[in-house]
Amino acid sequence: MNIGEIAKRAGVSRSTVSYALSGKRPVSDETREKIQRVIDDLGYRPNASARALANGRTSTIGLVFPPAGNHYTGMQLDFIGSVVEAAAAHDYDVLLSPSGVDSDRSFQRLLGERRVDGAILMEIRLQDDRVDHLAELDFPSVTIGRTAKPEGTWWVGLDHTALAAACVHHLADLGHRRVAFVNRPEQLLRAGYESAHRGLDGFTKAAAERGLTVRTYRCGDDPASGQACLEQILHDDPATTALVTLNEAALGGLYRGLAHAGRHVPRDFSVTGVVASRWAQTVTPQLTAADVPAEEMGRRAVDLLIERLDHPGAAPRHHLLAPPISLRASTGPVGGASFAEAPTPVSPS
């Protein structure tokens, strides 16, 4: 079924049907109703590509989200789901592009073949060719994360600097003096991943403020790497009593390494970090953490992109989030008891 058949049955021209569907030119109420009756009788649905040509919109947004390693982590899947759900609320579809660099062919197809109206970019680097390229093209986009110089761009970010620092201050307040930092993998720091660098910066500065003895580690995004990393921590400094992590994918391995070493959490060793709440609650004891609000960040990113599409001349806007630390059962005083299981918010400094 196509516009020609509808025009024939309604007794009007093809162009009149097109105008009635697109709203580009006025059509009388009587003619519009006649066309709508035919459409309803035939169960016609406009082809998405044809509709895009007619009104200049595809009703699709691109989610440019390269996996950080050889798979998506649980937190990354949370973000993907949140964007898809938020886009559906605006009656938009989402096209996922696992594009890693500016020259990536998948990324170029999104732009060159006009498959999407705008794009949301994730896994942001401090120096990110993709962000620069879209800005040069004036292509509507929003980033989840921010570059080293985010001025003039639209973005939603998590304040990893403040959150990592809040974790350090929390442990220092409990009396911990020797603390390790478990970051993301080596290749991500070399690539300039924003969250890994800003989190490391927040940890290092807060530890210096509190006079702590610290070591930092780069850990693979998987449980086996987490266990190996924990073993290295205790080998390098057996007197370590706590750690802060940004690596949720390694969290299970970190816990397993502590169990194998005979360290009870939190009586002998405290663990905290920046992790999505549902993942913080999958370990035992549940993790004291700055809960990453993946759902809220995805929703805000979609809202900003729709705003940018609807109002092309609007001034750039952004949201920087710093959720409180939820106190659960994985941290406690050196040699002391744990906090209660019920999360208690502690705002980052």
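Quantities reported herein were computed from a predicted structural model and do not represent experimental measurements. (Residues numbered from 1 in each chain as written. Predicted model: local features only at pLDDT ≥ 70, side-chain atom pairs only at ≥ 80, totals over all residues. Heavy atoms only, no water.)

(A) Representation of the pattern of salt bridges within the structure. Under the counting rule described, the total for this entry stands at 17 salt bridges. In this structure, Asp128 engages Arg130 in a salt bridge whose closest nitrogen and oxygen atoms are separated by 2.8 Å. Close ionic contact of Arg300 with Glu296 constitutes a salt bridge, the shortest N to O distance being 2.8 Å. In this pair, Arg300 and Glu296 are both assigned in helix α14 (residues 294–310), 4 residues apart and thus about one turn of the helix distant. (Salt bridge = Lys/Arg side-chain N within 4 Å of Asp/Glu carboxyl O. Helix = DSSP H or I, 4+ residues; strand = E, 2+ residues; numbered from the N terminus.)

(B) Geometry of unusual backbone geometry. With an omega dihedral of 5 degrees, the bond running from Val265 to Pro266 counts as a cis peptide bond. When you line up the elements, Pro266 lands in the loop between α12 (251–260) and β9 (270–276). A cis amide bond, omega -5 degrees, links Thr284 with the succeeding residue Pro285. Although it is not a glycine, Asp91 adopts a positive phi angle of roughly 65 degrees. Assessed through its relative accessible area of 66%, Asp91 is described here as exposed. (Buried < 20%, exposed > 50% of the residue type's maximum accessible area, 1.4 Å probe, protein only.)

(C) Looking closely at the nonpolar core. In terms of nonpolar packing, the biggest core is built from 49 residues, with Phe79, Ile120, Ile144, Val244, Val292, Met297 and Val302 touching the most fellow members. Setting aside its immediate chain neighbours within four residues, Phe79 contacts Phe65, Met122, Ile144, Val292, Ala294 and Met297. Core analysis: the second largest hydrophobic core is formed by 22 residues, Ala180, Cys219, Leu258 and Val275 among them. (Core = buried A, V, L, I, M, F, W, Y, C linked by side-chain atoms within 4.5 Å. Contact = heavy atoms within 4.5 Å.)

(D) Inspection of the pairing of β9 at higher detail. Taken across its 7 residues, β9 has 7 buried, putting it largely inside the fold. Alternating positions in β9 separate into two faces, Ser270, Thr272, Val274 and Ala276 on one and Val271, Gly273 and Val275 on the other, with burial throughout. As paired strands, strand β8 (residues 242–245) and β9 are joined by 4 bridges and run parallel to one another. Within β9, the residue paired with Val244 across the bridge is Thr272. (Pairing = 2+ DSSP bridges.)

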